[in-house]
Amino acid sequence: ATQDSVFEDLGKPVLANALEGKNVCLFAYGLTGAGKSYSMIGRPIPGEGGIIPRTCREIFNIRDNGKEEEAEMIDTVAHEITTEVMEIYCEQVNDLLLDRKQWPPKGYNPRAHPKGGFGCSECLKCPCETYEEVEKAFDKADKNRSIGSHALNPSSSRAHTIFKIEYTKTATYKGLPEGRNKKVVTAQLFLVDLAGSERTESAGTSGQMLKEGNAINLSLTALGNTIKAMTTPGDKPRFRDSRLTMLLMQSMTTGKVIMIAAVSPASICYEESVSTLRFAERIKMVKIKVAKNITTDSVAE
């Protein structure tokens, strides 16, 4: 699949749901070196951008070109777009929009949010007026990511990276009385570049990289267990088992969840590829009641 076709099939539906006020979680899952980061982030080459930059660019295109739903009925409209970029490295949450010297020694601690789920309120939330500002923030985050090299991947992600985009649209409508003519639509997009699962004997890791690989595998196991519980009647998902599932809890319980299954054609990766496809089958069984985050009552706002 090309980057264009992946965005058409997955990125645009993700954006459409967000513009309707639905939370969305899109993540790429699979073996290290199978193309997850390429699908999500891509390369800084024309035509090779991934889902994350393309989605952000399209948000501003829709805003700037007046392609709003119900555009003919809208009197005034304002958009607010903010970004956060976090990585989960060995169960430690780091803020990739801050310089590394500003990170707390033990990372940030996710805390329960009054509206459900968990978040890191201390992490920098960057307001963006243009796509260029988003691009600048993501470039900084990319330079701060934890990356290493091993036998299966010369630029292996050593941490899970969460790109969180908060979108708010406030519109007033023509022909309606004051106090009932305003609608606020909010959504959170969690675009996640998961670190790949690793087999030590295949990756040839040792020392700190072995520790990193073990932490990655444990958090992916927690994600798998959470998904399994969500598809098993009577089971209660244990989102607190890892930082990854804690931070994705809100979008995974009230929003739309989409997974990209990244597999490798290499025979050495056969078992991991089969495991990834089985995980994808499990994801397809998850039933989530998706809520729209829309307010029309000015008092409630």
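In this convention, every chain numbers its residues from 1, walking through the sequence in written order. In keeping with the model being predicted, local features are shown solely for residues with a pLDDT of at least 70 and side-chain atom pairs are shown and tallied solely at 80 or more, while totals for entire chains, interfaces and linings include all residues. As a rule here, side-chain values come from all non-hydrogen atoms in the structure, and water together with hydrogens is ignored.

Colleague: Lay out the side chain of Ser251 in plain terms, naming residues and giving numbers.
Modeller: Secondary structure elements are taken from DSSP: a helix is a run of H or I of four residues or more, a strand is a run of E of two residues or more, and numbering for both begins at the N terminus. Within the element layout of this structure, Ser251 appears in helix H7 (residues 243–254). A residue is classified by how much of its surface remains accessible, and Ser251, at 0% relative accessible area, is buried. Working rule for contacts: check all heavy atoms of both residues, and any pair within 4.5 Å makes them a contact. Contact partners of Ser251, with chain neighbours within four places excluded, come to Asn23, Val24, Cys25, Phe190, Lys256 and Val257. Accessible area is worked out with a 1.4 Å probe on protein chains only. A residue is then buried under 20% of its type maximum, exposed over 50%, and partly exposed in between.

Colleague: Describe the pairing of strand S9 (residues 160–173), naming the residues involved and giving the relevant values.
Modeller: A large share of S9 lies buried, amounting to 12 of its 14 residues. Strand pairing is assigned whenever DSSP detects at least two bridges linking the two strands. The sheet contact formed by strand S2 (residues 74–89) and S9 spans 14 bridges and is antiparallel. Bridging from a neighbouring strand, Glu80 pairs with Thr168 of S9. Across 12 bridges, S9 lies against strand S10 (residues 182–193) in antiparallel orientation. The residue bridging Ile162 from the neighbouring strand is Val192, located in S10.

Colleague: Before we move on, can you summarise a negative patch on the surface with the specific residues and values?
Modeller: Nonpolar side chains (Val, Leu, Ile, Met, Phe, Trp, Tyr) are joined into patches within 5 Å and like charges within 9 Å, using only residues with over 30% relative accessible area and no salt bridge. Here, Shrake-Rupley sampling with a 1.4 Å probe gives the accessible areas, and only protein chains in the shown set may cover a residue. The rule for a salt bridge is simple: a side-chain nitrogen of Lys or Arg has to be within 4 Å of a carboxyl oxygen of Asp or Glu. Only four residue types enter the charge count, namely Lys and Arg as positive and Asp and Glu as negative; His and the chain termini do not. For this purpose, a charge sits on NZ of Lys, CZ of Arg, CG of Asp or CD of Glu. The grouping of Glu80, Glu129, Glu132, Glu133, Glu135 and Asp139 at the surface amounts to a negative patch. Per-element tally for the negative patch: the top contributor is helix H4 (residues 131–144), with four residues. Tracing the sequence through the fold places Glu133 in helix H4. You can call Glu133 partly exposed: its relative accessible area is 34%.

Colleague: Tell me about the packing of aromatic side chains, and please be specific about residues and values.
Modeller: Pairs were defined over the aromatic rings of Phe, Tyr and Trp, the Trp ring being its six-membered one, requiring ring centres within 6.5 Å. Orientation was assigned from the angle between planes: stacked under 30 degrees, edge-to-face over 60, tilted for the rest. By the definition in use, this model includes two aromatic pairs. Ring centres of Phe138 and Phe163 lie 5.0 Å apart, and the angle between their planes is 75°; on these two criteria the pair is classed as edge-to-face. Of this pair, Phe138 sits in helix H4 while Phe163 sits in strand S9; the two residues are 25 residues apart in sequence, bridging distant segments of the chain. Residue classification places Phe138 among the buried positions, given a relative accessible area of 11%.

Colleague: With reference to specific residues and values, describe the pairing of strand S3 (residues 92–95).
Modeller: Successive side chains on a regular strand alternate, one facing one side of the sheet and the next facing the other. The sheet contact formed by S2 and S3 spans four bridges and is antiparallel. In the sheet register, Ile88 faces S3, and the bridge partner there is Val93. Between S2 and the antiparallel strand that follows it, S3, lie two residues; Cys90 among them carries a positive phi value of about 50°.

Colleague: Provide a residue-level description of unusual backbone geometry, including the pertinent values.
Modeller: Even without a glycine there, the phi angle at Cys90 is positive, about 50°. On the secondary structure map, Cys90 appears in the loop between S2 and S3. Residue classification places Cys90 among the partly exposed positions, given a relative accessible area of 24%. You will see that Glu91, though not glycine, has its phi angle at about 65°, which is positive. For Glu91, the location among the structural elements is in the loop between S2 and S3.

Colleague: Please provide a residue-by-residue account of the packing of helix H1 (residues 3–19) against helix H3 (residues 51–64), values included.
Modeller: Describing two packed helices takes the angle between their axes plus the distance from one axis to the other. Fitted lines through C-alpha atoms give the axes, limited to the stretch in contact for helices. The angle between two N-to-C directions lies from 0 to 180 degrees. With their axes 9 Å apart at the nearest point, H1 and H3 run at an angle of 50° to one another. In terms of their interaxial angle, H1 and H3 are classed as oblique. Seen along the crossing, H1 lies across H3 with a hand that is right-handed. Across from Gln3, Asp4, Val6, Phe7, Leu10, Gly11, Leu15 and Leu19 in H1, the residues of H3 making contact are Ile51, Arg54, Thr55, Glu58, Ile59 and Ile62. Taken together, the residues that form the contact of H1 with H3 break down as eight nonpolar, three polar and three charged. Under this scheme an angle from 65 to 115 degrees is roughly perpendicular, one under 35 degrees roughly parallel, and one over 145 degrees roughly antiparallel; angles in between are oblique. Left-handed is the label given to a crossing in which the near helix is rotated counterclockwise from the far helix by less than a right angle, and right-handed is the label when the rotation is clockwise. Think of it as three bins: nonpolar holds Ala, Val, Leu, Ile, Met, Phe, Trp, Tyr, Cys and Pro, charged holds Asp, Glu, Lys and Arg, and polar takes everything else, Gly as well.

Colleague: Describe the nonpolar core, with residues and values.
Modeller: We define the nonpolar core as a collection of buried residues of types Ala, Val, Leu, Ile, Met, Phe, Trp, Tyr and Cys that are connected through side-chain atoms lying within 4.5 Å of one another. By size, the foremost hydrophobic cluster in this structure holds 62 residues, and its most contacted members are Phe27 and Ile162. Once residues lying within four places of it in the same chain are set aside, the contact partners of Ile162 are Glu84, Val85, Met86, Ile88, Phe190, Leu191, Val192, Leu244, Leu247 and Leu248.

Colleague: Describe the packing of H3 against H4, with residues and values.
Modeller: Relative orientation of the contacting elements H3 and H4 amounts to 155°, with a least axis distance of 9 Å. It follows that H3 is roughly antiparallel to H4 by the angle criterion. When the axes of H3 and H4 are compared, the crossing they make is right-handed. Between H3 and H4, the residues in contact are Ile52, Pro53, Cys56, Arg57 and Phe60 and Tyr131, Val134 and Phe138, respectively. Broken down by class, the residue content of the contact of H3 with H4 amounts to seven nonpolar, no polar and one charged.

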